[in-house]
Amino acid sequence: MDLHLGVAAGEGRRAGLERALRDAVRDGRLAPGERLPATRQLAGELGVSRNTVKAAYDQLVAEGFLTARQGSGTRVAALPPVETGAPREREPARAPRFDLRPGSPDVGAFPAAAWLRALRSAVTSAPALAYDYGDPRGRIELRTALSGYLGRARGVVAPPERIVITSGYVQGLALLTRVLDGGPVAMEDPGLPFHREVVRRHGGSVVPLEVDGRGAGTPGDCRAVVVTPAHQYPTGVTLHPERRRALTEWARARGALIVEDDYDGEFRYDRQPVGALQGMAPDQVAYLGTASKTLGPALRLGWMVLPPHLVDAVADSKLHSDHHTESLGQLALAELIDSHAYDRHVRACRLRYRRRRDRLLDRLGARARVRGIAAGLHALVEVGDEERVLARARAHGLAVGRLGDHWHTPGAGRPQGLVVGYGTPREGAYGGALEALARALDETGSDL
């Protein structure tokens, strides 16, 4: 029996024999049903002890590679057939030369040095229990830090006991949908299609809620409504004060829930950021925030500030979803907030993105009407023909968002536009991206 028994450095005789037998079974040199030599015989042929061979046989019997029956010796087991065709790898999407798609910050601005200091401090001072399974609501250190930060920065009523830490906004939306246990959920039209799909996949049905120049309207007979009051996505409008009051009154009268997606509420350029809707009606609003736009999506850190009656149900759903969000990142973010390094980073980003917004307006000039510019990381550029402009943009190596992709039901008479994410590109690539966009508009005569 040729087992090609070559023992690697640091590999024992038994481990080498086990590996050689596995390989022989896998590649067919040992066929199913074939009887192996007796332990004494094989030990003599290989120059190892009989106990070594017996231990190797026993191990492979336990793993299912061999079978052993009294009186019939040790034989090769019949393994399930192995797929011969290698899985096809998906063709990687060709990265655009310039990227103005919305949805991401400039990840090159991640505060790596500050994060490393915060992580070191957190790990140094963390109690031993921080490395164990944790509270599904999240680390108390982060919930306490967020309580203070959200109160001063966003006007949120956020006692730590009403905060649940999540692995991003999408998980928070999914948890709430499951807790609501079905029923219609109103979602802004236009709005992000992916979020509508999250609600559908977790048992909710989605009804469109029209958005106009004053923001989202008031829903009808729904259990919940999902809104982006500070900077509506993708139109960029801020929810009008009268609409804010009407929405909270609707929720109180019906016992319904408002889900506030405050995805980029820290970034306001013409005045202080508009306070969160949750501050008007803490018992009717589930406030969802995230570090994805301020720090980066890779961290997978989000938070929910919940009405009291939902905290236990959401925490239980979180427990049975992924038990808890990883703890070390939570402790580092708490340290970043407590040391005020988070505030400094947000202020620096606000200045950077305001300069980018101003460059966008200066470069486009009279080519098109630009809306939603008071806040956030994206703007809406109105055009006459989305498809023509997008085709020319692609010809110049530019990727940009399309307003038409965000409607619930596309149809005639819908406004057309480009959703331009000026947070996405790295600093050095922004000028080239703006130049490509301006050329696409010039070539299609899309000024209004």
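Residues numbered from 1 in each chain as written. Predicted model: local features only at pLDDT ≥ 70, side-chain atom pairs only at ≥ 80, totals over all residues. Heavy atoms only, no water.

(A) Focus on the packing of aromatic side chains. Summed over the entire model, instances satisfying the criterion amount to four aromatic pairs. For the ring pair Tyr-149 and Tyr-342, a centre distance of 5.1 Å and an interplane angle of 85 degrees mean the geometry is edge-to-face. Linking Tyr-149 in helix H5 (residues 140–154) with Tyr-342 in helix H11 (residues 341–364), this pair joins segments that are 193 residues apart in sequence. On the basis of an interplanar angle of 85 degrees and a centroid distance of 5.4 Å, the ring pair of Phe-267 and Tyr-353 is categorised as edge-to-face. On the criterion of sequence distance, the pair formed by Phe-267 in the loop between strand S9 (257–261) and strand S10 (285–290) and Tyr-353 in helix H11 is long-range, its members being 86 residues apart. Of the two residues, Phe-267 and Tyr-353, both sit in the buried class. Its guanidinium or amino end placed over the ring of Tyr-430, Arg-356 lies 5.3 Å from that ring's centre, counting from NZ or CZ. (Phe/Tyr/Trp six-rings, centres within 6.5 Å; stacked < 30°, edge-to-face > 60°. Helix = DSSP H or I, 4+ residues; strand = E, 2+ residues; numbered from the N terminus. Buried < 20%, exposed > 50% of the residue type's maximum accessible area, 1.4 Å probe, protein only. Lys NZ or Arg CZ within 6 Å of the ring centre and 35° of its normal.)

(B) Representation of the side chain of Glu-188 in the model. Residue placement: Glu-188 occurs in strand S5 (residues 184–189). We note that Glu-188 is buried and unpaired, the nearest opposite charge coming from Arg-196 at a distance of 8.7 Å. Beyond its immediate sequence surroundings of up to four residues, Glu-188 is in contact with Arg-196, Leu-209, Val-211, Ala-216, Val-226, Val-227, Thr-228, Gln-232, Tyr-233 and His-408. (Lys, Arg positive; Asp, Glu negative; His and termini not counted. Salt bridge = Lys/Arg side-chain N within 4 Å of Asp/Glu carboxyl O. Contact = heavy atoms within 4.5 Å.)

(C) Seen up close, the side chain of Gln-171. Checked against the element boundaries, Gln-171 lands in helix H6 (residues 169–180). Within polar-contact distance, the side chain of Gln-171 engages the side chain of Asp-322 at 3.1 Å. Not counting residues up to four positions away in its chain, the partners in contact with Gln-171 are Thr-166, Lys-318, Ser-321, Asp-322 and Thr-325. (Polar contact = N/O pair within 3.5 Å; in protein donor to acceptor, adjacent residues only side chain to side chain.)

(D) Focus on the sheet that holds strand S12 (residues 369–371). Taken together, five strands build an open sheet; the order of strands is S3-S14-S15-S13-S12 and the sheet is mixed. Each having just a single partner strand, strand S3 (98–100) and S12 make up the two edges of the open sheet. Neighbour to neighbour, the strand axes of the sheet diverge by 35 degrees on average, direction disregarded. The sheet contact formed by strand S14 (residues 398–402) and strand S15 (residues 417–421) spans two bridges and is antiparallel. From the neighbouring strand, Gly-401 faces S15, where its bridge partner is Val-419. Along the sheet, helix H13 (residues 430–444) makes contact with S3, S14 and S15, crossing S3 at roughly 80 degrees. (Pairing = 2+ DSSP bridges. Axes fitted to C-alpha atoms, helices over the stretch in contact; angles between N-to-C directions.)

(E) Summary view of the nonpolar core. Trp-303, Leu-333 and Leu-360 are the most contacted members of the largest nonpolar core, which totals 57 residues. Apart from residues no more than four positions distant in its own chain, Leu-360 is found in contact with Val-370, Ala-379, Val-420, Tyr-422, Tyr-430, Leu-434 and Leu-437. Leu-175, Val-226, Met-304 and Val-314 belong to the second-largest nonpolar core, a separate cluster that totals 23 residues. (Core = buried A, V, L, I, M, F, W, Y, C linked by side-chain atoms within 4.5 Å.)

(F) Spatial organisation of unusual backbone geometry. Residue Asp-189 is joined to Pro-190 through a cis peptide bond whose omega torsion reads 10 degrees. Look at the link from Tyr-233 to Pro-234: it is a cis peptide, with omega at 10 degrees. Relative to the elements of secondary structure, Pro-234 occurs in the loop between strand S8 (224–227) and helix H8 (241–254). Within the chain, His-323 stands out as a residue other than glycine whose phi angle is a positive 70 degrees. Looking at the secondary structure, you find His-323 in the loop between helix H9 (308–322) and helix H10 (327–338). With a relative accessible area of 29%, His-323 lands in the partly exposed category.

(G) Spotlight on the sheet that holds strand S11 (residues 302–305). Strand order in the open sheet formed by eight strands is S4-S11-S10-S9-S8-S5-S6-S7, with mixed pairing between adjacent strands. If you trace the sheet from one side to the other, it starts and ends with strand S4 (163–166) and strand S7 (215–216), each paired once. Of the pairings in the sheet, the one linking strand S6 (residues 205–212) to S7 comprises two bridges and is antiparallel in character. Its bridge partner being in S7, Val-211 is matched across the sheet by Ala-216.

(H) Highlighting the packing of helix H1 (residues 13–26) against helix H3 (residues 50–63). Where H1 contacts H3, the two axes come as close as 9 Å, and the packing angle between them is 45 degrees. The orientation of H1 relative to H3 falls into the category oblique. The two elements H1 and H3 meet at a crossing, and its hand is right-handed. Of H3, the residues touching H1 (which contributes Arg-13, Arg-14, Leu-17, Glu-18, Leu-21 and Arg-22) are Thr-52, Val-53, Ala-55, Ala-56, Tyr-57, Gln-59, Leu-60 and Glu-63. By residue class, the composition of the contact of H1 with H3 is seven nonpolar, two polar and five charged. (Parallel < 35°, antiparallel > 145°, perpendicular 65-115°, else oblique. Left-handed = near helix turned anticlockwise from the far one by under 90°. Nonpolar A, V, L, I, M, F, W, Y, C, P; charged D, E, K, R; others polar.)

(I) Local environment of the pattern of salt bridges. Per the stated rule, a full pass over the model turns up 30 salt bridges. Here Asp-189 and Arg-414 are joined by a salt bridge, their closest N and O atoms 3.4 Å apart. Pair noted here: Asp-189 is in strand S5 and Arg-414 is in the loop between S14 and S15, with a separation of 225 residues, a long-range link. Given the relative accessible area of 7%, Asp-189 is considered buried. Residue Arg-414 is classed as partly exposed on the basis of its relative accessible area, which comes to 30%.

(J) Structural context of helix H12 (residues 386–395). Residues of H12 that are buried include every one of Glu-386, Val-389, Leu-390 and Ala-393, and no others. Buried positions in H12, seen along its axis, are confined to an arc of 100 degrees and lie on one side of it. The inward-facing, buried residues of H12 contact S14, S15 and H13. Among the residues of H12, the N-terminal cap falls to Asp-385, whose side-chain oxygen and the backbone nitrogen of Glu-387 are separated by 3.2 Å. Residue Gly-397 follows H12 closely and has a positive phi angle near 75 degrees. (Arc of directions from axis to C-beta.)

None of this, on its own, says anything about what the molecule does.
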